[in-house]
Amino acid sequence: MSTVTRLAKLGAVGVLALSAGCGAAKGPAISPTDASTTPGHPAMPALRSSINAAVNHADSVHAAGSVRDKGQRVSWQVNLTRSGDVSGTMAAGRTRVRLLVVRGRAYVEATPRLLRQQGAPASVCRLICGKWINAPSSLRTTFGQARWGNLMAPLTRALSRTALSYAGPATVAGQSAWELNLTGGGKLLVSSKGTPFPLELAIHGSQFDFSQWNSAPKPTTPPESKIFHT
């Protein structure tokens, strides 16, 4: 197997680990009521509806997360579009991969560190380092697992399967927020100014951060000169 093909498969394995970790973040069944009994708090049913509407109508977001999968930490920092494009980095254990998915085409960036981890000779790095490896067609379905539906699953599950209760005001990266408790453990912080977009979710030992709702940079295809075709 060529070094380039191994690199493409490494990216695919990382994406599978990522999507598997997201799938593990399940919440308890939703309770019959969302109630806050203290005056002055946001009305939970209305707030919950607004949060769901904001997420369901968003077309892009910057998402960061970290989960444990099969004993290792899997993390990501990516820009996502609802249409399926992805750009950013992910790490599984000691392996870090920069990945790009645009209109169904998947790429992994060749870096000196990644090549060293794969035992590639220096001559290979001189050929492809700094370029994007065009993933073989057989792996494009695998890369497709790193998409909106999978990476946003912990958030959508939390909103659909758990009840919310008001915990108090908070600040996230300088933004005013409301902190909401989740039944069964965990917390969700949403913007308290304007549209109540989710900013942070902590549940079952994992944390997920969200920013740049509807304004995250859209992934674009690299210049042809920056693509190494396998």
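Residues numbered from 1 in each chain as written. Predicted model: local features only at pLDDT ≥ 70, side-chain atom pairs only at ≥ 80, totals over all residues. Heavy atoms only, no water.

Quick word on the sheet that holds strand β11 (residues 206-211)
So, point 1. Here twelve strands make up an open sheet; going across it, the order is β7-β8-β9-β10-β11-β1-β2-β3-β4-β5-β6-β12 and the pairing mixed. This sheet does not close on itself; its edge strands, each paired only once, are β7 (164-172) and β12 (227-229). Here the strands of the sheet are splayed against their neighbours by 20° on average, with no regard to which way each runs.
So, point 2. With respect to the sheet, helix α2 (residues 44-57) is in contact with β7, β8 (175-182), β9 (187-191) and β10 (198-203), its orientation differing from that of β7 by roughly 60°. (Pairing = 2+ DSSP bridges. Helix = DSSP H or I, 4+ residues; strand = E, 2+ residues; numbered from the N terminus. Axes fitted to C-alpha atoms, helices over the stretch in contact; angles between N-to-C directions. Contact = heavy atoms within 4.5 Å.)

Comments concerning the packing of aromatic side chains
So, point 1. In total, this model carries three aromatic pairs according to the counting rule given.
So, point 2. Their ring planes at 40° and their centres at 6.0 Å tell us that Trp76 and Phe208 sit as a pair that is tilted. Note that Trp76 is positioned in strand β2 (residues 72-81) and Phe208 in strand β11, a separation of 132 residues in sequence.
So, point 3. Judged by its relative accessible area of 3%, Trp76 is buried.
So, point 4. Classification of Phe208 by relative accessible area gives buried; the value is 1%.
So, point 5. Seen in terms of ring centroids, Phe210 and Trp213 are 5.9 Å apart; in terms of plane orientation they differ by 35°. Their pairing is tilted.
So, point 6. Judged by its relative accessible area of 6%, Phe210 falls in the buried class.
So, point 7. One aromatic cluster is present, formed by Phe197, Phe210 and Trp213 through successive ring pairs. (Phe/Tyr/Trp six-rings, centres within 6.5 Å; stacked < 30°, edge-to-face > 60°. Buried < 20%, exposed > 50% of the residue type's maximum accessible area, 1.4 Å probe, protein only.)

Details of the pattern of salt bridges
So, point 1. Counted according to the given criterion, the structure contains one salt bridge.
So, point 2. A salt bridge links Arg98 to Glu109; the nearest nitrogen and oxygen atoms lie 3.4 Å apart. Of this pair, Arg98 sits in strand β4 (residues 95-102) while Glu109 sits in strand β5 (residues 105-109), placing them eleven residues apart in sequence.
So, point 3. For Arg98, a relative accessible area of 41% translates into the label partly exposed.
So, point 4. Exposure remark for Glu109: the relative accessible area of 15% places this residue in the buried category. (Salt bridge = Lys/Arg side-chain N within 4 Å of Asp/Glu carboxyl O.)

Some words on the pairing of β2
So, point 1. Relative to β2, strand β1 (residues 60-69) is paired through ten bridges, and the arrangement is antiparallel. Across the sheet, the residue bridging to Ser66 is Ser75, located in β2.
So, point 2. Counting the residues between successive antiparallel strands, the hairpin from β1 to β2 contains two residues, one of them, Lys70, with a positive phi of roughly 55°.
So, point 3. Sheet topology places β2 next to strand β3 (residues 86-92); seven bridges connect them, and they run antiparallel. From the neighbouring strand, Asn79 faces β3, where its bridge partner is Ser87.
So, point 4. Between β2 and β3, which pair antiparallel in sequence order, lie four residues; one of them, Gly84, sits at a positive phi of approximately 115°.

Section: the nonpolar core
In summary, soluble globular proteins display a tendency toward joint burial of nonpolar side chains.
So, point 1. Ranked by internal contacts, the top residues of the largest apolar core, which has 40 residues, are Leu80, Leu155, Leu180, Leu201, Phe210 and Trp213.
So, point 2. Top contributing element to this core by residue count: α2, with five residues.
So, point 3. Aside from chain neighbours lying at most four places away, what touches Phe210 is Val61, His62, Ala63, Met152, Leu155, Pro198, Leu199, Glu200 and Leu201.
So, point 4. Ala110, Leu115, Val124 and Ile133 belong to the second largest nonpolar core, which has six residues in total. (Core = buried A, V, L, I, M, F, W, Y, C linked by side-chain atoms within 4.5 Å.)

Some words on unusual backbone geometry
So, point 1. Despite not being glycine, Ala173 has its phi angle at roughly 50°, a positive value.
So, point 2. Relative to the elements of secondary structure, Ala173 occurs in the loop between β7 and β8.
So, point 3. Although it is not a glycine, Asn214 sits at a positive phi angle of roughly 65°.
So, point 4. Of note, Asn214 is situated in the loop between β11 and β12.

Describing the state of the cysteines
Covalent bonding between the sulfur atoms of two cysteines defines a disulfide.
So, point 1. By the definition in use, this model includes one disulfide.
So, point 2. Note that Cys125 is cross-linked by a disulfide to Cys129, the S-S spacing being 2.1 Å. Given an S-S torsion of about -110°, the disulfide between Cys125 and Cys129 has left-handed geometry.
So, point 3. Residue class for Cys129 comes out partly exposed when judged on its relative accessible area of 24%. (Disulfide = S-S within 2.5 Å.)

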